[in-house]
Amino acid sequence: MKTVIINGANGYVASNFVRNLLKQHYHVIALVRANKQDAEERMNNALAIMNDGENINTNNLEVYNYSLCDDDYSMDKNILKSIFSSNIDYFHFAASLKYDEKSMDEIFSTNIEGVENSIKVFSKYATTSSRFFYIGTAYSCGRLEGVFKEQFYQNEDISAFRNYYEQSKRFAENIIKGNIEKNGLNAHIIRLSQVVGNHETGITRTDYGIFDFAKRISSLATRFPNEIVRVRVDADSTQNLIPVDTVTQHLTRVVEKNSVPRIMNFVSNRSIQNSHIIETLNQILPLHLIPMKGLEWKDMNQIERLVSVGMSFTESYTSTNIHFETVRRDELLKNPETGPDEKSISEMLRYYIENNLAKKKSKKYEAA
Ligand SMILES: NC(=O)c1ccc[n+]([C@@H]2O[C@H](COP(=O)([O-])OP(=O)(O)OC[C@H]3O[C@@H](n4cnc5c(N)ncnc54)[C@H](OP(=O)(O)O)[C@@H]3O)[C@@H](O)[C@H]2O)c1
């Protein structure tokens, strides 16, 4: 079976992908940075969480500690020679998902220098037929009007983006473009929209995007039950949400195929309206949210201001209706999943609030 090397392998999307690849008997090399735990322990923990505590066969998994921005990833040269010795598929997932100005250095060093260094390591050790896949974001479209095509876009000033994360991901794509053109890098870009839970089971293990919003609203409902709270959200705008099981199936298809388009937008065909997300939260939580486009700070009460401050990231995505091209994606996937419907998004939100948040609260009480 083919070898697939993945960096940032313990992250949410990557660990779901690793799990799927192991189930299909691929040989997986996971690069994970150690922290208080060693790399292998971190990877195994992530897999156990994503596999809902059930054992997973890890005979085909090798895990290495690495340092994303260091020469040779601070790994032993002989190990690098050995893991890159066959024609492999390399997936660069590692990224900082922070977005704010004060995290700019971290965002840029991880998302830009990290990619430059990955290309260096790949170019030094990989065979000419090996492939480099960069996991980008569909939101690197920034504030673009119109359809975001499956093509490269030039670098732009921060004013063209909602945050530094989007900008850094655009810059990284252009570093890859430069390496394709100048050095013949065999690279592809796969852009994801907002990755949510599993659309069949509802199981949701991410705190990102709409779940970050749900987390904040849930904590507000505990502090101020039965309040009526206006939120600066355009009810008619939409979120493009792609289930994690759909993403991993698409990515596995990429590994299976010899010929893959240069850039693909892995997004849902059907977007979900903000009004649906708000209605679901109103059903689950003892609080009543009223979406109000253009609600101004000066007109908010104290609780509404609290929500608005907490939404500093998500708020910039509450009036978006972005259209993504999927022609190249469809070339590869033929009949791709059309995305989660409203019912499965409601199930994910319910699962997230009832399980993840409830568990976190009870852990806090156990520790106290
Ligand atoms: N989740 C989404 O909705 C979404 C949407 C579009 C695109 N994407 C892209 O998908 C990829 C994975 O996202 P995710 O949601 O799975 O994020 P995640 O769970 O936060 O995973 C990020 C991974 O990157 C690693 N990482 C971060 N900083 C690093 C550094 N300085 N050195 C080495 N490793 C570092 C993390 O390691 P630690 O655990 O050690 O921090 C983790 O393994 C990213 O490239 C992201 O831009 C995600």
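Note that this is a predicted model, so its numbers are computed, not measured.

1. Looking at the overall build of the protein
Scanning the protein for helices and strands turns up 11 helices and 15 strands. Over its C-alpha trace the protein gives a radius of gyration of 21 Å, about what one expects of a compact globule, namely 21 Å for 368 residues. With the principal axes as the frame, the protein shows a C-alpha extent of 60 × 50 × 40 Å. Residues counted as buried form 41% of the 368 residues belonging to the protein. For the protein, the share of sequence-separated contacts (at least 6 apart) that also reach a separation of at least 24 residues comes to 81%.

2. Things to note about the site of the ligand
With respect to spatial proximity, 21 residues lie near the ligand, and among them Gly-8, Gly-11, Tyr-12, Leu-68 and Ala-95 are the closest. Where the shell around the ligand is concerned, the elements lending two or more residues are α1 (12–23), β5 (131–137) and β8 (194–196). With 3 residues, α1 is the single largest residue contributor to the shell around the ligand. Its residues assigned to classes, the shell around the ligand comprises 12 nonpolar, 8 polar and 1 charged.

3. Things to note about the domain arrangement of the protein
Taken domain by domain, the protein consists of domain 1 (3–195 + 241–266) and domain 2 (198–239 + 271–320 + 341–367). On a C-alpha basis, the centroid separation for the pair domain 1 and domain 2 is 29 Å. Across the contact, 15 residues belong to domain 1 and 13 residues belong to domain 2. Sorting the residues of the side of domain 1 that touches domain 2 by element identifies α2 (39–50), β8, β11 (241–243) and α7 (244–256) as the ones contributing at least two each. Ranked by residues supplied to the side of domain 1 that touches domain 2, first place goes to α7 with 3 residues. Its residues assigned to classes, the side of domain 1 that touches domain 2 comprises 9 nonpolar, 3 polar and 3 charged.

4. A look at the nonpolar core
With 87 residues, the main nonpolar core has Ile-6, Val-18 and Ala-30 as its most contacted residues. Looking at this core element by element, the count peaks at 7 residues for helix α6 (residues 210–223). When residues of this core are assigned to domains, at least three fall in each of domain 1 (3–195 + 241–266) and domain 2 (198–239 + 271–320 + 341–367). Ignoring any residue separated from it by four or fewer positions in sequence, one finds Ala-30 in contact with Ile-6, Ala-9, Val-18, Met-43, Leu-61 and Val-63.

5. Topic: the environment of Asn-226
Positionally, Asn-226 belongs in the loop between α6 and β9 (228–231). The exposure class assigned to Asn-226 is exposed, which follows from the 8 C-beta atoms found within 10 Å. For Asn-226 and His-288, which are 62 residues apart along the polypeptide, the C-alpha to C-alpha distance reads 6.8 Å. Those residues in contact with Asn-226, other than ones at most four positions away along the chain, are Pro-286 and Leu-287.

6. With respect to helix α4 (residues 104–125)
Since the α-helix packs 3.6 residues into each turn, any two residues three or four apart lie on the same face. Along its 22 residues, α4 runs 31 Å from first to last C-alpha, staying within 8% of the 32 Å computed at 1.5 Å per residue. Most pronounced at Gly-114, the bend in α4 amounts to some 30°. Within α4 the residues assigned to the buried category are Ile-107, Thr-110, Asn-111, Gly-114, Val-115, Ser-118, Ile-119, Val-121, Phe-122 and Tyr-125. Check the buried side of α4 and you find it contacts β1 (3–7), α3 (77–83), β4 (89–92), β5 and α5 (164–183).

7. Side note on the sheet that holds strand β7 (residues 187–192)
In a beta sheet, neighbouring strands pair by backbone hydrogen bonds and run either parallel or antiparallel. The sheet built from 7 strands is open, its strands ordered β3-β2-β1-β4-β5-β7-β12 with parallel pairing. Bordering the open sheet on either side are β3 (61–65) and β12 (263–266), each of which pairs with just one other strand. Going from strand to strand, the sheet's axes swing by 20° on average, the running direction of each strand aside. Sheet topology note: the β4/β5 ladder contains 4 bridges and is parallel. Within β5, the position partnered with Asp-89 by the bridge is Arg-131. Running at roughly 130° to β3, α2 makes contact with β2 (27–32) and β3 of the sheet.

8. A short note on the packing of α4 against α5
In contact at an axis separation of 9 Å, α4 and α5 are set at 20° when each is read in the N-to-C sense. In terms of axis orientation, α4 runs roughly parallel to α5. Between α4 and α5 lies a crossing of right-handed hand. Along the contact surface, α4 presents Met-104, Ile-107, Phe-108, Asn-111, Ile-112, Val-115, Glu-116, Ile-119 and Ser-123, while α5 presents Tyr-164, Tyr-165, Ser-168, Lys-169, Phe-171, Ala-172, Ile-175, Asn-179 and Asn-183. The residue inventory of the contact of α4 with α5, partitioned by class, reads 11 nonpolar, 5 polar and 2 charged.

Quick notes on the rules
Residues numbered from 1 in each chain as written. Predicted model: local features only at pLDDT ≥ 70, side-chain atom pairs only at ≥ 80, totals over all residues. Helix = DSSP H or I, 4+ residues; strand = E, 2+ residues; numbered from the N terminus. Rg over C-alpha atoms; globule rule 2.2 N^0.38 Å. Buried ≥ 20, exposed ≤ 12 C-beta atoms within 10 Å, placed from the backbone. Contact = placed C-beta atoms within 7 Å. Near = placed C-beta within 6 Å. Nonpolar A, V, L, I, M, F, W, Y, C, P; charged D, E, K, R; others polar. Domains from an automatic or database assignment. Core = buried A, V, L, I, M, F, W, Y, C linked by C-beta atoms within 7 Å. Expected span 1.5 Å × (residues − 1). Bend = angle between axes of the 7 residues up to and from the residue. Pairing = 2+ DSSP bridges. Axes fitted to C-alpha atoms, helices over the stretch in contact; angles between N-to-C directions. Parallel < 35°, antiparallel > 145°, perpendicular 65-115°, else oblique. Left-handed = near helix turned anticlockwise from the far one by under 90°.

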